[in-house]
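# What the coordinates show
These are the residues of each chain, in order.
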Amino acid sequence: YLFGLTGPALTTGALGASATRTDPAVIKAYLDGIRPSLDIDGKLTSDALTDGLLILRYMFGLHGASLTAGAFDPAGSRTDVTDIEAYILSLMPQ
């Protein structure tokens, strides 16, 4: 999504077996609605190579320096690994 993929390119091979949203247009609309929240480093834009990378690393279980190394904009408002981890965690369903 953060690379600008839409339609089938957004969802092919990326949906879980129990996904409740499966239509690419519905998924894009949902992501459009939460896009401001995807600004993980707080630089006022959501970018695939910073914010997207932080999300992916977190989802793969990386924490600490492994999570943030080279993956955030130092001009953002969240640059401390503790703040970044806490913010990502706040986005996760409970």
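What you are looking at is a predicted structure, and each value in this text was computed from that prediction instead of being measured.

Another point: the overall build of the protein chain. A count of helices and strands for the protein chain gives 5 helices and 0 strands. The linear arrangement of helices and strands in the protein chain, starting from the amino end, is α-α-α-α-α. In terms of C-alpha radius of gyration, the protein chain reaches 14 Å, essentially the compact-globule figure of 12 Å for 94 residues. With respect to the three principal axes, the spread of C-alpha positions in the protein chain is 35 × 25 × 20 Å. Here the protein chain holds 94 residues, and 31% of them are scored as buried. Counting only contacts in the protein chain whose residues sit at least 6 apart along the sequence, the fraction spanning at least 24 positions is 41%. Just so you have it, the protein chain exposes about 5800 Å², and 62% of that area is on carbon and sulfur atoms. Averaging the coordinates of the 6 positive side-chain charges in the protein chain and doing the same for the 10 negative ones gives two points 5 Å apart.

Of note, Ser66 is situated in helix H4 (residues 65-68). Put simply, Ser66 and Leu54 are 12 residues apart on the chain and 9.8 Å apart in space, counted from C-alpha to C-alpha.

Conventions adopted
- For every chain, the first residue of the written sequence is number 1, and numbering continues from 1 along that sequence.
- Thresholds applied to this predicted model are a pLDDT of at least 70 for local features of residues and 80 or more for the giving and counting of side-chain atom pairs; totals over whole chains, interfaces and linings are not thresholded and use all residues.
- Derived side-chain values reflect all non-hydrogen atoms in the structure, with water molecules and hydrogen atoms excluded from consideration.
- By definition, any uninterrupted DSSP run of H or I lasting at least four residues is a helix, any uninterrupted run of E lasting at least two residues is a strand, and each is numbered from the N terminus.
- Each radius of gyration is computed over the set of C-alpha atoms, and the globule rule expresses the reference value as 2.2 Å times the number of residues to the power 0.38.
- The cut-offs for exposure are 20% and 50% of the maximum accessible area for each residue type, with area from a 1.4 Å probe on protein chains only; residues under the lower value are buried, those over the upper are exposed, and the others partly exposed.
- The contact definition used throughout considers only heavy atoms, calling two residues in contact when any of these lie within 4.5 Å.
- In this description, accessible areas are obtained by the Shrake-Rupley approach with a 1.4 Å probe, and a residue is regarded as covered only by the protein chains that are shown.
- In this tally, Asp and Glu contribute negative charge and Lys and Arg positive charge; neither His nor the terminal groups of the chain are included.
- To locate a charge, take NZ of a lysine, CZ of an arginine, CG of an aspartate or CD of a glutamate.

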